[in-house]
Every structure is written in C-alpha cells, then in structure tokens.
Amino acid sequence: MSLGIATNTAMGGIRMTALGTRLVAENLANAEVDGYGVRSLVPSSLLVNNRNMPIQREVNPVVLGAARRAESAHLHTEIRHAGMVDLERTFGLPGESGSLNSLVTQLDSSLRQAASMPDSDAALHSVAQDAGRLVAKFNATESAIQSLRQQADDAVAVDINMLNSSLDRVAALNVEIQRQTLLGGNTHGLMDERQRVTSEIARIIPITEIPRDNDRIMLLAANGQILADLTHAEFGFTPSIGLVAGASLSNGAASPVSLDGRPLAADSPVLGSGRVGANLAIRDEIAPRAQTRLDTLAYDLLKRFSGPDADASLAPNALGMFTLDGVTTLPAMADGLAGRMQLSARINPDTGEGLWRLRSGLNAAAPGPSLDPANLNTLSAVLEKATSLQSGTPARAYSDHVASQVSALATARLGEESSLTFTMAQHAALQEELAAQGVDTDRQMQNLLTLERAYAANARVLSAIDQMMRNLLEI
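The model shown is predicted, which means the values in this text are computed figures rather than measured ones.

Can you walk me through the pairing of strand E4 (residues 217-221) in this structure?
Walk down a regular strand and you will see the side chains alternate between the two sheet faces. E4 sits mainly inside the fold: five of its five residues count as buried. Going residue by residue along E4, you find Ile217, Leu219 and Ala221 tucked away on one face and Met218 and Leu220 tucked away on the opposite face as well. Pairing between strand E3 (residues 207-211) and E4: five bridges, direction antiparallel. In the sheet register, Ile210 faces E4, and the bridge partner there is Met218. Note: E4 against strand E5 (residues 226-228), two bridges, orientation antiparallel. Within the sheet, the bridge partner assigned to Leu219 lies in E5 and is Ala228. Linking E4 to E5, which pair antiparallel, is a turn of four residues; within it Gly224 sits at a positive phi near 90 degrees.

Encoded structure:
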C-alpha cells in the first residue's frame with residue numbers, strides 16, 4: 001500500500017469516526033423526542049458508488065404500526081370508560097349521600113314519618129324538602145348528562161380540526177421529502193417530524209401507513225380510503241351549540257363526521273378506534289342511553305304521584321306533587337322529562353306555605369282534620385306500588401326501579417373497564433417494545449468507545465505516515 005492510499009484511508013476513517021461521534025451525540029440528545037429515528041452509520045459495503053449518504057435512520061415499521069393501533073384502541077376505551085364513570089357518579093352510587101337511591105329512600109322515610117304524625121308541620125316540611133331535593137337531583141343529573149355530551153361534541157370538533165391540519169402537514173412533508181430525496185439531501189429530520197405527526201393522527205382515528213417511492217408514505221383510513229400522500233382528504237364536522245336531551249343525528253340536531261363530503265355512519269370502521277370515535281359514542285350512544293334511563297325513572301315518578309290513586313283531590317291524569325313546567329296533566333313519555341320536572345307550586349318548602357295540602361290534598365279547598373293521615377298514607381304507598389317501567393319489564397317498587405337502572409350503569413361501566421384493562425396491557429407491551437427499538441443509551445456509549453478506539457488507530461496511522469515522510473525527507 002502506498003503512503004498516499006494509507007493517508008487517504010486514515011483520513012477517511014477519521015472523518016467517519018467524527019461523523020459517528022456526532023450521530024451518537026445526536027441520538028443521546030433526542031432519546032426522549034417523539035418520532036425520532038435512531039441514526040447509525042451505514043457499512044461501506046452497502047453504499048452504491050459512494051453516492052448514498054453513510055447515515056441510516058432505523059425504524060421498525062411493523063412495531064411502530066402495531067403500537068399506533070394499540071394506542072388508538074386504548075384511547076378509545078379510556079374515553080368511553082371515563083364517560084361511563086362520570087355518568088355513574090352523576091346518578092350516584094347506592095348508599096352515597098345525595099345519590100338518586102338515597103334521595104328516594106329519604107322521601108319514602110319522610111312520607112312514612114309524616115303519616116305517623118300528620119299534625120306535625122316539621123314532618124310535612126321534611127316531606128316537601130326531600131321531594132324538592134329529589135326534583136333537583138333529576139334536574140342536575142340531566143344537566144350533567146347533556147354537559148357530558150357537549151364536552152364530547154367539543155372534543156370532536158377540536159380533533160377534526162387537528163386531524164385536517166395534520167393530514168395537510170403529512171402531505172406537505174411528503175412533497176418536501178420526495179424533493180430532498182431526488183436532490184440527494186438529508187431527509188431524516190423531515191421523516192422524524194412526519195412520524196410524529198402520523199402518530200398523532202393515529203390517536204384520533206385508526207390508520208395504516210404504506211411506504212411509497214422516494215421515501216414518501218401513504219396513509220389509509222380503516223375503510224381503505226386514501227387520507228394522505230402528495231395531497232390529502234378532508235374531514236368535516238359542524239360543532240353543536242347547547243345540546244339538549246333528544247338532540248340526535250336522526251333529527252339533525254347533532255352533526256355527523258364527514259370524509260370528503262360524505263357523512264360517516266356511526267359504525268364506520270373509520271371511527272372504530274381513536275378519540276373521535278369514542279367521543280361520538282359518548283355523545284350519540286352512551287349518554288343518550290343514560291338520559292333515557294333517567295327520563296324513564298322521572299316519568300314513572302310523575303305517573304305514580306298523578307291522579308286520584310295518589311291524591312283523592314286530583315282529577316284523572318292530573319299531575320300531583322311532582323309536575324312539569326307548563327303542563328297540568330300527565331304527558332306521553334318524551335326526552336328531557338327529568339330536566340323539566342318541578343315540585344308543585346302549591347307546596348313551598350322554603351316558606352312552609354301550602355304544607356297542609358300534603359295532608360289534605362293538593363287541590364283541597366281548605367285544610368282538613370290535622371290528625372287525618374289518609375292522604376299521606378296514600379302518597380307513601382305509591383312509592384311501594386309495583387309498576388313496570390316498560391311493557392314486558394318486571395313490576396317493582398320505585399326504589400327497586402332506581403336501583404335496577406343504577407345497576408345497569410355499573411354493569412356497562414364494568415364492561416368498559418374490562419376492555420380498558422385489556423387495551424392498556426396491550427398498549428403498554430407494544431410501547432415497551434417500541435421503546436426498545438429507540439435510542440439505547442448503553443449501546444450508544446459502547447459505540448462511542450468503539451469510535452474512540454477507531455479514531456486512535458487512524459491517528460496512529462497518520463502519525464506513522466508523518467514520521468515516515470520525515471525520515472524520507474531527511475535522507
């Protein structure tokens with residue numbers, strides 16, 4: 001080997017060790033950065049005519065794709081589970097102070113006590129107060145349900161805007177990466193950013209990443225539609241303002257998500273996982289189902305306390321102690337009954353006015369005998385009367401109906417909890433595997449030691465060549 005070749009080889013080795021050292025520093029500095037692909041030197045045997053860059057970006061697309069799908073599924077179940085937990089807390093847990101169950105029990109107890117002491121104004125006042133608290137609970141629970149729906153709708157609007165901007169970003173990065181690749185530039189930083197943006201898209205909706213020519217990627221929706229390449233698809237959504245009970249997709253009061261102008265069905269695979277699908281499920285499925293349970297209980301309560309069977313002074317189907325705003329007779333079952341329910345204006349628990357009507361009848365012309373418990377006994381009995389909430393369902397006392405509806409919410413929440421446990425474990429396992437594919441600081445330090453030894457060896461070669469050149473010049 002000539003001295004010239006040896007010199008060039010040693011200088012090339014020093015340049016490669018300098019580049020390798022820079023890559024180690026870059027890897028360590030970006031170890032915690034989302035989307036960062038580990039940089040490493042390419043063996044010289046893999047270079048083509050020395051035209052390729054001697055740096056490669058290491059990413060395992062199979063593990064990355066699986067981790068994205070697992071995270072999308074985990075976020076989907078996590079949001080659904082959180083919604084179920086909120087609804088269960090809104091109704092209140094059995095035995096919990098202020099829960100629907102406990103308020104019904106308190107009203108039943110107050111009615112029994114008043115029936116045993118019909119001449120006690122304090123006992124009558126307790127009945128009026130407990131009835132008012134029960135009405136307030138129904139009103140507050142409906143308000144909380146609609147607030148949860150509104151929050152879900154707002155979250156969808158935010159995610160759709162983010163989704164469109166992210167798809168636009170991926171398309172723009174594809175264009176730039178293709179241009180830089182054709183020009184022979186370094187695209188690794190652009191690819192890091194594209195991976196980060198793509199992972200954020202996967203948290204919103206399920207996607208599949210397909211590699212294309214010139215380091216581009218193509219993103220597909222779960223139904224196979226192209227979402228992004230050199231151009232991108234467009235999602236649409238109109239936010240709702242002030243969702244109320246009964247607002248739904250079918251009556252146009254709630255907006256669907258559209259893809260390139262075509263509305264997506266609730267069961268579309270495009271919405272099968274990720275944040276958007278979960279929030280739409282809360283808005284259009286989970287919360288409305290809870291609202292129906294609440295309205296059914298409210299209607300049964302109104303029905304029990306209406307007509308002469310509950311109060312001899314009432315006309316058939318006339319509303320009694322519990323009424324609806326602007327309505328005097330029992331209406332048909334409708335959405336939002338719980339939020340409209342009121343305590344009869346003839347009874348005022350704050351001032352004590354009209355409390356005698358609980359004993360003598362709401363429509364009584366004048367107070368009856370103060371020791372007559374007949375009407376109070378009747379009011380107490382209506383809560384224990386076995387009725388059916390719907391045709392074909394078991395007949396139960398009112399407290400049992402409330403317990404049954406709350407139990408159904410708990411069962412649904414436990415189902416979501418089971419799904420959440422599975423997706424959480426799957427997500428954790430794949431995230432751990434993905435992290436193992438990232439920057440390994442121990443390995444990077446080992447590489448640094450290897451580069452240090454390579455640098456020292458090349459430096460000794462150059463030193464030996466320099467000494468030889470000196471000796472030749474001294475001859």
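Would you mind showing me how to read the pattern of salt bridges here?
In a structure, side chains of opposite charge can pair up when their charged atoms sit close to one another. Within the structure shown, the criterion is met by 21 salt bridges. Here Arg203 makes a salt bridge to Glu71, at a shortest N to O gap of 2.9 Å. Taken as a pair, Arg203 in helix H5 (residues 188-204) and Glu71 in helix H2 (residues 61-91) lie far apart in primary sequence, 132 residues in all. When sorted by exposure, Arg203 lands in the same class as Glu71, which is buried.

Sorry if this is basic, but what is going on with the sheet that holds E3 here?
Consider a sheet: its strands pair through backbone hydrogen bonds, and that pairing is either parallel or antiparallel. Strand order in this open sheet of three strands is E3-E4-E5, and the pairing throughout is antiparallel. At either end of the open sheet lies a strand with only one pairing partner, and these are E3 and E5. The sheet shows a mean angle of 40 degrees between the axes of neighbouring strands, direction not considered.

Please clarify how the side chain of Arg359 should be interpreted in this entry.
As for its placement among the helices and strands, Arg359 is situated in helix H8 (residues 356-360). We note that Arg359 is buried and unpaired, the nearest opposite charge coming from Asp121 at a distance of 4.9 Å. Among the polar contacts listed, one links the side chain of Arg359 to the backbone oxygen of Pro118, at a separation of 2.8 Å. If near-sequence neighbours (up to four positions away) are discounted, Arg359 is found in contact with Pro118, Asp119, Leu124, Pro369, Ser370, Asp372, Asn375 and Leu376.

Quick question: what am I supposed to make of the packing of aromatic side chains here?
A ring pair, where both rings are aromatic, is described by two values, the distance of the centres and the angle of the planes. With the rule as written, the count across this model stands at one aromatic pair. Seen in terms of ring centroids, Phe305 and Phe322 are 5.1 Å apart; in terms of plane orientation they differ by 80 degrees. Their pairing is edge-to-face. Taken together, the positions of Phe305 in the loop between helix H6 (275-304) and strand E9 (322-324) and Phe322 in strand E9 put the pair 17 residues apart, joining distant regions of the chain.

What is the right way to read the environment of Asp121 from this model?
Along the polypeptide, Asp121 turns up in helix H4 (residues 121-183). Of the residues examined, Asp121 reaches a relative accessible area of 54% and is grouped as exposed. In the structure, Asp121 is positioned 265 residues away from Ala386 in sequence and 30 Å away in space, judged by C-alpha atoms.

How do you make sense of the sheet that holds strand E7 (residues 258-259) when you look at a structure like this?
With respect to topology, three strands assemble into an open sheet ordered E6-E7-E8, the strand pairing being antiparallel. Of all strands in the sheet, those with a lone pairing partner are strand E6 (235-236) and strand E8 (262-263), marking the two edges.

Would you mind showing me how to read the packing of H2 against H6 here?
Helix-helix packing is characterised by the crossing angle of the two axes and by the distance between the axes. One way to put it is that H2 packs onto H6 with a least axis distance of 9 Å and a crossing angle of 25 degrees. One finds that H2 runs roughly parallel with respect to H6. The two elements H2 and H6 meet at a crossing, and its hand is right-handed. Note on element contacts: H6 touches H2 through Arg275, Gly277, Ala278, Asn279, Ala281, Ile282, Glu285, Ile286, Ala287, Ala290 and Leu294, opposite Leu75, His76, Ile79, Arg80, Gly83, Met84, Leu87 and Phe91. Of the residues in the contact of H2 with H6, the class split is twelve nonpolar, four polar and three charged.

Help me understand the nonpolar core in this model?
When a protein is soluble and globular, its nonpolar side chains tend to lie buried together. Counting 59 residues, the largest nonpolar core has Leu134, Phe138, Leu301, Phe305, Met321 and Phe322 as the members making the most contacts within it. Every residue in contact with Leu301, bar those within four places of it in the chain, is listed here: Leu134, Phe138, Phe322, Met341, Leu383 and Tyr398. Ile201, Ile205, Leu219 and Leu259 belong to the second largest nonpolar core, which has 27 residues in total.

Would you mind showing me how to read the packing of H4 against H5 here?
Their axes nearest at 9 Å, the elements H4 and H5 cross at an angle of 155 degrees. One finds that H4 runs roughly antiparallel with respect to H5. As for how H4 packs across H5, the hand of that crossing is left-handed. Residues Asp159, Met162, Leu163, Ser166, Leu167, Arg169, Val170, Leu173, Asn174, Glu176, Ile177 and Gln180 of H4 form the contact with H5, whose own contacting residues are Leu190, Met191, Glu193, Arg194, Val197, Thr198, Glu200, Ile201 and Ile204. Its residues assigned to classes, the contact of H4 with H5 comprises eleven nonpolar, four polar and six charged.

How do you make sense of H2 when you look at a structure like this?
Since one α-helical turn is 3.6 residues long, residues separated by three or four positions face the same way. For H2, which comprises 31 residues, the first-to-last C-alpha distance of 45 Å matches the rise-based estimate of 45 Å (1.5 Å per residue) to within 8%. The buried count for H2 comes to 23 of 31 residues, which makes it a mostly enclosed element. Its side-chain oxygen placed 3.1 Å from the backbone nitrogen of Val62, Asn60 serves as the N-cap of H2. Downstream of H2 by one or two residues, Gly92 has phi in the positive range, about 95 degrees.

Could you clarify how one ought to interpret the environment of Glu432 in this entry?
Structurally, Glu432 is set in helix H10 (residues 398-436). Glu432 sits in the exposed class, given a relative accessible area of 59%. Spatially, the C-alpha atom of Glu432 lies 9.2 Å from that of Ala67, the residues being 365 residues apart in sequence.

What am I meant to see in unusual backbone geometry here?
With the exception of glycine, most residues fall at negative phi, and the peptide bonds are largely trans. If you check the backbone angles, Asn214 has positive phi at about 60 degrees while not being a glycine. Along the chain, Asn214 falls in the loop between E3 and E4. Positive phi is not limited to glycine here, since Asp215 has a value of about 65 degrees. Along the chain, Asp215 turns up in the loop between E3 and E4.

Reading the values: the criteria
Residues numbered from 1 in each chain as written. Predicted model: local features only at pLDDT ≥ 70, side-chain atom pairs only at ≥ 80, totals over all residues. Heavy atoms only, no water. Buried < 20%, exposed > 50% of the residue type's maximum accessible area, 1.4 Å probe, protein only. Helix = DSSP H or I, 4+ residues; strand = E, 2+ residues; numbered from the N terminus. Pairing = 2+ DSSP bridges. Salt bridge = Lys/Arg side-chain N within 4 Å of Asp/Glu carboxyl O. Axes fitted to C-alpha atoms, helices over the stretch in contact; angles between N-to-C directions. Lys, Arg positive; Asp, Glu negative; His and termini not counted. Polar contact = N/O pair within 3.5 Å; in protein donor to acceptor, adjacent residues only side chain to side chain. Contact = heavy atoms within 4.5 Å. Phe/Tyr/Trp six-rings, centres within 6.5 Å; stacked < 30°, edge-to-face > 60°. Parallel < 35°, antiparallel > 145°, perpendicular 65-115°, else oblique. Left-handed = near helix turned anticlockwise from the far one by under 90°. Nonpolar A, V, L, I, M, F, W, Y, C, P; charged D, E, K, R; others polar. Core = buried A, V, L, I, M, F, W, Y, C linked by side-chain atoms within 4.5 Å. Expected span 1.5 Å × (residues − 1).

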